Amino acid sequence: MSHPDFRLNPGSLRGVSSVVGPRGVGASPGDKKSKNKSTRGKKKSIFENYMSKEDVSEGLKKGTLIQGVLRINPKKFHEAFIPSPDGDRDIFIDGVVARNRALNGDLVVVKLLPEEQWKVIKPESSDKETEGAYESDLPEELCGSRLQQSSKGHNDSPDVIVEAHGDDSDSEDGHGNTPDVLVDGVRKLAVCVPEKGQEDAGAPVTKDKSTSMPQDTSTVLEKSLQRSAKVVYIVEKKHSRAATGFLKLLTDKNSELFRKYALFSPVDHRVPRIYVPLKDCPREFVTRPKDYANTLFICRIVDWKEDSNFALGQLAKSLGQAGEIEPETEGILTEYGVDFSDFSSEVLECLPQSLPWTIPPEEFSKRRDLRKDCTFTIDPPTARDLDDALSCKPLADDNIFEVGVHIADVSYFVPEGSELDKVAAQRATSVYLVQKVVPMLPRMLCEELCSLNPMTDKLTFSVIWTLTSEGKILGEWFGRTIIRSCTKLSYEHAQSMIENPTQRIPEEELPAISPEHTSEEVHQAVLSLHRIAKELRKQRFLDGALRLDQLKLAFTLDHETGLPQGCYVYEYRDSNKLVEEFMLLANMAVAHRIYHSFPERALLRRHPPPQTKMLNDLMEFCDQMGLPMDFSSAGALNKSLTKIFGDDKYSLARKEVLTNMCSRPMQMALYFCSGVLRDEVQFQHYALNVPLYTHFTSPIRRFADIVVHRLLAASLGKGMRGSGAQPPGHSTPPDAEPGVVQKRADHCNDRRMASKRVQELSTGLFFAVLVRESGPLESEAMVLGVLNQAFDVLVLRYGVQKRIYCNALPLRSHHFQRLGKKPVLTLTWEPEDTEQEPVQQVITIFSLVEVVLQAEATALKYCALLKRPGTGDQLDLQDEEERDCDRDLERED
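Since this is a predicted model, take the numbers as computed values, not measurements. (Residues numbered from 1 in each chain as written. Predicted model: local features only at pLDDT ≥ 70, side-chain atom pairs only at ≥ 80, totals over all residues. Heavy atoms only, no water.)

Asker: Got a minute to help me understand the environment of Cys-450 in this structure?
Answerer: Note that Cys-450 resides in the loop between helix H11 (443-449) and strand S21 (457-468). What makes Cys-450 buried here is its relative accessible area of 3%. Along the chain, Cys-450 and Asp-409 lie 41 residues apart, while their C-alpha atoms are 6.9 Å from each other. Dropping the residues within four chain positions of it, Cys-450 is found in contact with Leu-386, Ala-408, Val-410, Phe-413, Leu-445 and Ile-700. (Helix = DSSP H or I, 4+ residues; strand = E, 2+ residues; numbered from the N terminus. Buried < 20%, exposed > 50% of the residue type's maximum accessible area, 1.4 Å probe, protein only. Contact = heavy atoms within 4.5 Å.)

Asker: Help me out: how do you make sense of helix H17 (residues 649-663) in this one?
Answerer: Along an α-helix, a turn takes 3.6 residues, which lines up residues three or four apart on a common side. Between its first and last C-alpha atoms H17 spans 21 Å; for 15 residues at 1.5 Å apiece the expected length is 21 Å, and the two agree. Counting buried residues in H17 gives twelve out of 15 residues, a clear majority hidden from the surface. Within H17 the residues assigned to the buried category are Tyr-650, Ser-651, Ala-653, Arg-654, Glu-656, Val-657, Leu-658, Thr-659, Asn-660, Met-661, Cys-662 and Ser-663. (Expected span 1.5 Å × (residues − 1).)

Asker: Just checking my understanding: could you explain empty space enclosed by the protein for this structure?
Answerer: To find leftover empty space, a probe the size of one water molecule is rolled over the atoms. Counted according to the given criterion, the structure contains 15 cavities of 30 Å³ or more. Top contributing element to the lining of the second largest cavity by residue count: helix H19 (residues 738-774), with three residues. (1 Å grid on protein atoms, 1.4 Å probe; cavity = no way out; pocket = protein on both sides within 12 Å on 5 of 7 lines; lining within 4 Å. Points joined across faces, edges and corners; volume = space filled by probe spheres on them.)

Asker: In this structure, what is going on with the packing of helix H14 (residues 574-597) against helix H18 (residues 703-715)? I would like to understand it.
Answerer: Packed helix pairs are characterised by how far apart their axes lie and by the angle those axes make with each other. Contact geometry of H14 with H18 gives a least axis separation of 9 Å together with a crossing angle of 60°. On the basis of the axis angle, H14 is oblique to H18. Crossing of H14 against H18: the hand is left-handed. Of the residues in H18, those touching H14 at Val-590, Arg-593, Ile-594 and Ser-597 are Val-708, Leu-711, Leu-712 and Ser-715. Class assignment for the residues of the contact of H14 with H18 results in five nonpolar, two polar and one charged. (Axes fitted to C-alpha atoms, helices over the stretch in contact; angles between N-to-C directions. Parallel < 35°, antiparallel > 145°, perpendicular 65-115°, else oblique. Left-handed = near helix turned anticlockwise from the far one by under 90°. Nonpolar A, V, L, I, M, F, W, Y, C, P; charged D, E, K, R; others polar.)

Asker: Would you mind going over the environment of Ala-383 with me for this structure?
Answerer: Secondary-structure assignment places Ala-383 in the loop between strand S16 (375-379) and strand S17 (388-394). Taking the C-alpha atoms as reference points, Ala-383 and Ser-451, separated by 68 residues in sequence, lie 10.0 Å from one another.

Asker: What is the right way to look at the packing of aromatic side chains in this model?
Answerer: Each pair of aromatic rings is reported with the distance of its centres and the angle of its planes. One pass over the full model with this rule turns up 15 aromatic pairs. Look at Phe-285 and Tyr-292: their rings are 6.2 Å apart centre to centre, the planes differ by 75°, and that puts the pair in the edge-to-face class. Tyr-292 carries the same exposure label as Phe-285, and that label is buried. For the pair Phe-672 and Phe-683, a centre-to-centre distance of 5.0 Å together with 55° between the ring planes defines the contact as tilted. (Phe/Tyr/Trp six-rings, centres within 6.5 Å; stacked < 30°, edge-to-face > 60°.)

Asker: Teacher, can you tell me more about the nonpolar core here?
Answerer: Nonpolar side chains tend to gather and get buried jointly when the protein is soluble and globular. Among the nonpolar cores identified, the biggest contains 95 residues, and Phe-376 and Phe-582 are the most heavily contacted of them. Counting residues per element, this core draws most heavily on H14, at eleven residues. Residues in contact with Phe-582, not counting those within four places in the same chain, are Leu-390, Val-403, Val-405, Trp-465, Leu-529, Ile-532, Ala-533 and Leu-536. In terms of nonpolar packing, the next biggest core, distinct from the first, is built from 78 residues, Met-629, Leu-794, Val-795 and Ile-845 among them. (Core = buried A, V, L, I, M, F, W, Y, C linked by side-chain atoms within 4.5 Å.)

Asker: Whenever I open this one, the sheet that holds strand S31 (residues 811-819) confuses me. Can you help?
Answerer: In sheet architecture, strand pairing relies on hydrogen bonds along the backbone and comes in two forms, parallel and antiparallel. Spatially, three strands are ordered S31-S32-S33 in an open sheet, and the strand pairing comes out antiparallel. The two strands at the open ends of the sheet, each matched to only one other strand, are S31 and strand S33 (839-844). Strand-to-strand twist of the sheet, defined as the mean angle between neighbouring strand axes without regard to direction, takes the value 20°. Of the pairings in the sheet, the one linking S31 to strand S32 (residues 822-829) comprises eight bridges and is antiparallel in character. By the bridge assignment, Phe-816 is partnered in S32 with Leu-825. (Pairing = 2+ DSSP bridges.)

Asker: Teacher, can you tell me more about the packing of helix H13 (residues 519-542) against H14 here?
Answerer: Interhelical geometry of H13 versus H14 gives an angle of 65° and a closest axis separation of 9 Å. On the basis of their axis angle, the class for H13 and H14 is roughly perpendicular. Crossing hand, H13 versus H14: left-handed. Contact with H13, carried on its side by Val-526, Leu-529, His-530, Ile-532, Ala-533, Leu-536, Arg-537 and Arg-540, involves Asp-574, Lys-577, Leu-578, Glu-580, Glu-581, Phe-582, Leu-584 and Leu-585 of H14 and no other residues of that element.

Asker: It is not clear to me how the pattern of salt bridges should be interpreted in this structure. Could you clarify?
Answerer: It is possible for side chains bearing opposite charge to pair when their charged atoms get close. This model, assessed by the stated rule, comprises 47 salt bridges. The partner of Asp-457 in a salt bridge is Arg-484, and the shortest N-O contact between them spans 2.9 Å. You can see Asp-457 sitting in strand S21 and its partner Arg-484 sitting in strand S22 (residues 473-484), a full 27 residues away along the chain. Taking the relative accessible area as the measure of exposure, Asp-457 reaches 24% and is therefore partly exposed. Between Lys-613 and Asp-617 there is a salt bridge whose closest N-O contact spans 2.7 Å. Of this pair, Lys-613 and Asp-617 both sit in helix H15 (residues 612-624), four residues apart, roughly one helical turn. An identical accessibility class is assigned to Lys-613 and Asp-617; each is buried. In the salt-bridge network here, residues are joined through shared partners; they are Arg-537, Arg-540, Arg-547, Asp-549, Glu-580 and Glu-581. (Salt bridge = Lys/Arg side-chain N within 4 Å of Asp/Glu carboxyl O.)

Asker: Any chance you could explain the side chain of Glu-580 here in plain terms?
Answerer: Structurally, the position occupied by Glu-580 is in helix H14. Given the relative accessible area of 2%, Glu-580 is considered buried. One polar contact links Glu-580 to Arg-537, side chain to side chain, over a distance of 3.2 Å. (Polar contact = N/O pair within 3.5 Å; in protein donor to acceptor, adjacent residues only side chain to side chain.)

Asker: Sorry, what's going on with the environment of Arg-797 here?
Answerer: Mapped onto the fold, Arg-797 is located in the loop between strand S29 (790-795) and strand S30 (800-805). Remark: the alpha-carbon pair of Arg-797 and Leu-777, spanning 20 residues in sequence, is separated by 9.7 Å. Ignoring sequence-local partners within four residues, the contact set of Arg-797 consists of Val-569, Glu-778, Ser-779 and Glu-780. There is a polar contact of 2.7 Å between the side chain of Arg-797 and the backbone oxygen of Glu-778.

Asker: Quick question: what am I supposed to make of the pairing of strand S18 (residues 400-408) here?
Answerer: Side-chain direction in a regular strand flips from residue to residue, so the side chains alternate between the two faces of the sheet. With nine of nine residues buried, S18 is to be regarded as a mostly interior element. Where S17 lies against S18, seven bridges are found, and the strand directions are antiparallel. Directly across from Pro-394, in S18, lies its bridge partner Phe-401. Counted between consecutive antiparallel strands, the loop separating S17 from S18 contains five residues. Note that S18 and S21 share nine bridges and pair antiparallel. Across the sheet, residue Ala-408 finds its bridge partner in S21, namely Thr-460.

Okay, structure coming up:
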């Protein structure tokens with residue numbers, strides 16, 4: 001069977017065609033139905049016409065309309081939300097009609113419905129998702145480690161260890177894989193039976209066996225309504241309008257539609273079903289549709305008329321078999337608008353044509369020559385795009401050091417306004433998948449010209465400090481430099497040096513070191529950087545910084561098949577922290593420099609405080625659970641998480657769950673132009689608790705950093721060799737106006753969020769394949785949410801969240817109740833032997849249980865099942881603290 005290759009440039013899938021209509025594909029289904037008056041009469045519109053731009057602008061000014069980014073619940077696609085401008089509970093948008101053809105991620109304008117049409121939140125509703133399901137948007141500053149730099153080649157060894165990817169050298173944006181499972185007590189503190197038709201998608205249906213305690217009437221009234229709205233305008237179609245899915249024949253074989261269209265069913269249920277012309281489909285599809293039942297296609301929406309439930313689309317490409325890594329990966333990249341096409345000849349012509357390239361002689365007069373310094377990189381072992389290096393040397397006083405952060409001078413190779421600059425600006429970020437990288441820049445730049453490979457002269461932008469061993473900064477210098485890295489250390493090499501401060505590391509265990517420097521010199525530099533980094537880190541947290549470490553998966557891949565052989569949770573160690581501290585220090589220093597030089601045009605990065613309503617819900621939850629948490633500031637929250645738990649297994653698991661809960665109210669960190677936000681309070685970075693921050697340290701994979709490099713160069717003036725801490729008076733202002741800088745910042749934000757989501761989906765894809773190929777997998781898990789017929793767990797060995805449904809288990813019965821304010825689910829297991837008595841198991845938040853992850857029949861889906869008590873040692877895993885909690889519940893019963 002031959003499959004035609006439906007190719008389409010991924011870049012063209014990003015938006016919707018502005019003029020679509022029936023031309024070239026015959027009359028659209030909507031039009032054809034509406035003209036079939038003999039059977040239907042005139043077809044009524046399903047969706048409202050959009051308001052005019054003028055009316056929308058006026059409504060936004062008056063406050064009668066509200067603008068926001070649409071989020072559609074991936075588990076209940078009929079539910080959508082936009083953030084409330086006042087930080088209160090999200091505004092609810094009920095159903096496809098109210099969404100008015102907007103898709104997930106679109107920037108929309110909504111109009112509030114009359115209060116009598118607002119969503120009623122029942123006091124004991126199990127519909128926890130009253131705030132909408134967030135795809136993970138935890139800001140990088142809060143968690144994660146510097147894992148992203150590997151380009152994941154498979155040439156070095158039969159079995160390749162692939163580290164989990166953050167997306168950031170300074171850990172400002174790393175975020176673990178957090179599926180959209182919502183936490184009881186964060187979205188909603190009450191639990192009960194859903195209304196008919198409102199059950200979670202895919203949840204097994206069972207008879208209600210739950211009961212609930214009455215709640216205070218005043219509380220019911222206070223929490224009973226959620227503002228609801230309808231979409232009246234789409235400001236920007238940020239969704240790519242591309243989807244992966246499957247082709248089906250229409251059911252009515254006698255209809256005119258059947259002869260012209262097939263039905264495309266997207267994998268993502270948030271995207272509507274789509275009519276596609278049969279002429280776009282494979283030739284054999286109509287006669288042998290079952291042959292294509294498992295074939296994954298890409299389709300793009302080109303129109304969605306007011307009178308049609310379904311959109312109209314064009315089939316773009318046949319990807320291959322569902323469940324296979326490469327077709328699924330290409331589908332993910334396309335859906336999120338990632339341009340993974342080869343760089344054009346026009347772009348490649350911007351690169352140096354004479355190879356091997358050498359630094360032009362005139363650059364030596366413009367730059368500080370640091371080639372004799374002991375400079376080195378610390379990266380994952382398979383990293384190829386090395387964009388930062390460190391140096392450290394003691395000065396006359398043994399307590400004073402000169403420390404340098406040296407960043408690849410990518411802006412030297414990317415002329416502003418060139419074709420290379422345009423494509424880098426459009427891509428905005430490299431995208432890190434488990435098995436490969438989609439680079440922002442051509443590989444010659446990423447891996448050769450810019451990469452700070454050892455024992456070669458490289459152009460860099462440096463921040464150099466004079467500081468004490470306690471981390472006190474005595475002096476600061478910015479400038480363009482030339483370095484020569486003496487070695488390429490992995491995190492493991494640096495960690496070994498830190499853990500063995502007085503022991504010489506054998507030469508065979510280290511990478512090659514240039515003859516100008518010794519392994520002992522490198523070792524001492526690493527130890528000095530480690531000591532200073534510890535002091536900087538300690539001071540950062542004393543000053544009120546917050547960190548929410550979450551579990552991150554790393555995979556070992558089979559060299560031949562590319563399939564995952566195993567996975568593990570990546571360990572964040574002192575060597576990671578060392579690099580992170582100096583990257584953060586450089587980013588903060590550059591932020592101050594460019595802002596003071598160009599207060600109207602600086603590209604900075606801010607992190608808004610947590611969403612008020614969700615944070616209040618979390619505070620209420622912690623109070624109900626007897627957890628003494630302080631949410632008054634980022635520093636207070638960090639202190640609470642650090643001090644509240646012990647270091648035994650159960651306490652560490654509870655901390656993991658609570659950290660996960662605390663991530664939910666957090667907002668995204670955002671790039672912005674300083675001239676657009678007038679209130680400097682809004683510049684604040686909540687997680688780092690600093691007034692100014694930017695991204696400077698990763699220009700090979702982030703376009704925002706290239707923009708910041710250009711600003712920094714402009715602040716140094718015409719000479720550009722370097723400058724001390726005070727901004728020079730002869731700074732050359734950049735040409736871009738604040739509005740242009742802000743537009744670029746918005747695009748970087750959009751692409752960065754898409755990149756994060758793609759990264760998470762790639763991790764989820766590989767984990768699902770691992771479960772399919774190597775499962776079932778067993779692990780301890782901790783309960784983080786209790787419903788009336790199900791409960792959510794964090795699987796501790798793998799860092800994934802899953803929902804366990806009661807009627808997927810061999811239970812005699814299950815009983816929900818609320819003891820005080822704590823939801824409790826009592827499971828009565830069916831005896832394995834008729835002579836045995838039924839075993840009861842109490843499930844409450846923070847219960848530690850044993851689960852099994854096993855593949856389902858559907859491609860790349862897996863479920864979690866609870867192990868029967870007594871089949872393992874799960875009951876012994878609960879320590880005294882949990883048993884005390886259980887006794888408290890018994891006393892309340």
